[in-house]
Amino acid sequence: MLLPWWRWLHVVQVEWNRASSAEVRDLVLWLMRTTKPRNSPRTKSAATAGTVNPITRKQNPGDQYQPRTIRHSNAVIRGFYEFWIETGQGPLVNPVPLDRRGSRPHAHHNPLEPFRPEGRIRYNPKIPKSRPREIPDERWNDLFAALRSNRDRAILSLDISNAARASEVLGIRGVDLDWGDQLVRVSRKGSDDAQWLPASPDAFVWLRL
């Protein structure tokens, strides 16, 4: 996401180490109102832009930049300037400021813990609340019927019922099953800690089969 920033600075004729929050604000306003180019082969056609896939319930990318994309752009630009400020080769002030209005930074900081950055980026657009995606019952039945073995049905039932990652479900062994309480033990990603998760009765039926 640095490429749009460099292009924006070239248009407004401002050096990267002399950019201010005004250039960041103008870039955000431009991204919120401009139309994305369609010269990429990965870009959806105009007929499907912004529509919802009837099977997966996932919304296709529209013609406008989404708030999450703009927030990601601001985070990348801020991280870029933080790096060069720490090395002493960038500006004295980060042009992507944090919005700390209404609260004092580190007001309740524990002196035994390191300081962490507080506050969100000032020009981040708000993300609208979205409903959880769901698959219709008939589509779920079609997906389940298309599986070729009881093993695949057991894996899918486990993955859906306990919301574990696919890699965690595939790592389950026989000793990781608690048939009485209907729990499965998975190794969490990152920490590799063992955690027992509840699973549906149907999942244990398919596991037994």
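See the structure shown above.
These remarks concern the structure in this document. For every chain, the first residue of the written sequence is number 1, and numbering continues from 1 along that sequence. Note on the predicted model: pLDDT of at least 70 is required for a residue's local features to be given, and 80 or more for side-chain atom pairs to be given and counted; whole-chain, interface and lining totals, by contrast, use all residues. The side-chain values count all of the structure's non-hydrogen atoms but skip hydrogen atoms and water molecules.

1. Digging into the layout of surface pockets
Applied cut-off: Whether a set of points on the 1 Å grid over the protein atoms alone is a cavity depends on a 1.4 Å probe fitting there but being unable to get out, while an open set qualifies as a pocket with protein on both sides within 12 Å along at least five of seven lines; lining residues are those with an atom within 4 Å of a point. Grid points are joined across faces, edges and corners, and a volume is the space filled by probe spheres set on the points. Strands here are runs of E lasting at least two residues and helices are runs of H or I lasting at least four, both read from the DSSP assignment and numbered beginning at the N terminus. Nonpolar residues are Ala, Val, Leu, Ile, Met, Phe, Trp, Tyr, Cys and Pro. Charged residues are Asp, Glu, Lys and Arg, and all others, Gly as well, are polar.
Approximately 1000 Å³ is the volume attributed to the largest pocket. The wall of the largest pocket is formed by 32 residues, among which P61, Q66, P67, R68 and T69 lie closest to the centre. Every element with two or more residues in the lining of the largest pocket is listed here: α1 (2-12), α2 (21-33) and α3 (67-86). Examining the composition of the lining of the largest pocket, we find that 5 residues originate from one element, α1, more than from any other. Residue composition of the lining of the largest pocket, grouped by class: 16 nonpolar, 7 polar and 9 charged.

2. Section: α2
Counting along an α-helix, one turn takes 3.6 residues, and residues three or four places apart therefore face a common direction. Worth spelling out the cut-off: A helix is expected to reach a length of 1.5 Å times the quantity of its residues less one. Throughout this description, buried means an accessible area under 20% of the type-specific maximum (1.4 Å probe, protein chains only), exposed means over 50%, and partly exposed covers the range between. The arc in question is the one traced by the directions running from the helix axis out to the C-beta atoms. Contacts are assigned to residue pairs that have any heavy atoms within 4.5 Å of one another.
Across its 13 residues, α2 extends 19 Å between first and last C-alpha, which sits within 8% of the 18 Å expected from 1.5 Å per residue. When α2 is considered as a whole, its buried residues turn out to be E23, V24, L27, V28 and L31. Taken end-on, α2 shows its buried residues confined to a sector of 135 degrees, consistent with a single buried face. Contact partners of the buried residues in α2: α1 and α3.

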